[in-house]
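A closer look at the structure
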Amino acid sequence: MSSAFPEIYLVRHGETEWSLSGRHTGRSDIPLTVNGEEAARKLAGRLAGLSFSAVWSSPSARARKTCMLAGFGSGAVIKEELAEWDYGAYEGITTKAILADRPGWQLFRDGCPNGEFAADVGARADAVIHALREAASTILIFSSSHFLRVLAARWLGLPPEGGAYFSLDTTSISVLGYEHDLTEPVIRRWNQR
């Protein structure tokens, strides 16, 4: 289903050892696994035939490598705002381990000590959305799960905490766009594998 309006393609980076084990990977640069690299290469075929006015990537090595293996690395612009959630004291720790010390903790509600809260990530997402709407063209973005989830929530006008209701697999493709006009942002496709 094509659209007459600009579309924003979101790609979550390929699998890493930490994404595989459920460890929070914010600012640590964990390399892609062999499977992650292979899945990133397959993105080229999945995105074949599409035309993008720009390609933006998170500064993380995993996002940049996914972008490069998918065939979009040469023209990619690194955008600091696309960085994954800063997990602070919870970097490299699984949700299960966090819950053992802090029962009832929820990332999108409670944030991370010495790291970011949903509002912080939401402010970065808002800056990205502002740039996307000013560009008014089809753009391809490579980033990480929690940031992209907040970006989707903010695209729809939901609070940043609304990102909790979206799930993203590694090397998934999602598409943000519009319904009847540019005042009606929608999610056109989500978490396609």
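Let me begin by describing the structure that accompanies this report. (Residues numbered from 1 in each chain as written. Predicted model: local features only at pLDDT ≥ 70, side-chain atom pairs only at ≥ 80, totals over all residues. Heavy atoms only, no water.)

Re the overall build of the protein
- Looking only at helices and strands, one finds seven helices and six strands in the protein.
- The C-alpha atoms of the protein give a radius of gyration of 16 Å, which matches the 16 Å a tight globule of 193 residues would have.
- Of all 193 residues assigned to the protein, the portion counted as buried reaches 48%.
- Residue pairs at least 24 apart in sequence account for 67% of intrachain contacts in the protein once pairs closer than 6 positions are excluded. (Helix = DSSP H or I, 4+ residues; strand = E, 2+ residues; numbered from the N terminus. Rg over C-alpha atoms; globule rule 2.2 N^0.38 Å. Buried < 20%, exposed > 50% of the residue type's maximum accessible area, 1.4 Å probe, protein only. Contact = heavy atoms within 4.5 Å.)

Regarding the pattern of salt bridges
- Scanning the model with the defined rule gives eight salt bridges in all.
- The residue Lys65 makes a salt bridge to Glu37 at a minimum N-O spacing of 3.9 Å. With Lys65 in helix H3 (residues 61-69) and Glu37 in helix H2 (residues 34-46), this residue pair connects regions lying 28 residues apart in the sequence.
- Note that Arg41 and Glu38 form a salt bridge whose closest N and O atoms lie 3.6 Å from each other. With Arg41 and Glu38 both in helix H2, this residue pair falls three residues apart, about one helical turn.
- Within this structure, Glu37, Glu38, Arg41 and Lys65 form a network of salt bridges that share partners. (Salt bridge = Lys/Arg side-chain N within 4 Å of Asp/Glu carboxyl O.)

Things to note about the packing of aromatic side chains
- Scanning the model with the defined rule gives eight aromatic pairs in all.
- An angle of 80° between the planes, with centres 5.3 Å apart, marks the rings of Tyr9 and Phe52 as edge-to-face. Highlighted residues: Tyr9 in strand E1 (residues 8-12) and Phe52 in the loop between H2 and strand E2 (54-57), separated in sequence by 43 residues. Across this residue pair, the class does not change: Tyr9 and Phe52 are buried.
- Summarising the aromatic geometry, the rings of Phe72 and Phe142 are spaced 6.3 Å apart at their centres and angled 40° between planes, so their arrangement reads as tilted. Within this pair, whereas Phe72 is found in the loop between H3 and strand E3 (76-78), its partner Phe142 is found in strand E4 (residues 139-143), the two being separated by 70 residues in sequence.
- Members of the aromatic cluster, connected to one another through ring pairs, are Tyr9, Phe52, Phe72 and Phe142.
- Positioned above the aromatic ring of Trp155, the side-chain terminus of Arg133 is 4.3 Å from the ring centre. (Phe/Tyr/Trp six-rings, centres within 6.5 Å; stacked < 30°, edge-to-face > 60°. Lys NZ or Arg CZ within 6 Å of the ring centre and 35° of its normal.)

What about H2?
- In this model, H2 (13 residues) spans 19 Å end to end at C-alpha, consistent with the 18 Å of a helix rising 1.5 Å per residue.
- Inspection of H2 places Gly36, Ala40 and Leu43 among the buried residues, and these make up the whole buried set. Looking straight down H2, one finds that the buried residues subtend no more than 45° of arc, so they occupy a single side. Pointing more than 90 degrees away from the buried face of H2 are the exposed residues Val34, Asn35, Lys42 and Gly45. (Expected span 1.5 Å × (residues − 1). Arc of directions from axis to C-beta.)

Section: the packing of H2 against H3
- Their axes nearest at 7 Å, the elements H2 and H3 cross at an angle of 45°. Relative to H3, the element H2 lies oblique. Each of Glu37, Ala40, Arg41 and Leu43 in H2 lies in contact with H3, whose residues at this interface are Lys65, Thr66 and Leu69.
- Considered class by class, the residues forming the contact of H2 with H3 number three nonpolar, one polar and three charged. (Axes fitted to C-alpha atoms, helices over the stretch in contact; angles between N-to-C directions. Parallel < 35°, antiparallel > 145°, perpendicular 65-115°, else oblique. Nonpolar A, V, L, I, M, F, W, Y, C, P; charged D, E, K, R; others polar.)

Some thoughts on the sheet that holds E4
- Strands sit in the order E3-E2-E4-E1-E5-E6 across an open sheet of six strands; the sheet is mixed. Taken across any chain shown, the strands that pair with only one partner, and hence form the sheet edges, are E3 and strand E6 (185-192). Strand after strand, the sheet turns through a mean of 20° between neighbouring axes, direction not considered.
- Direction of pairing for E2 relative to E3: parallel, over a ladder of three bridges. What sits directly across from Ser57, in E3, is Ile78.
- Its contacts with the sheet place H3 against E1, E2, E3 and E4, and it is angled at close to 135° to E4.
- Sheet strands in contact with helix H6 (residues 118-135) are E1, E2, E4, strand E5 (173-178) and E6, and its direction is about 160° off that of E4. (Pairing = 2+ DSSP bridges.)

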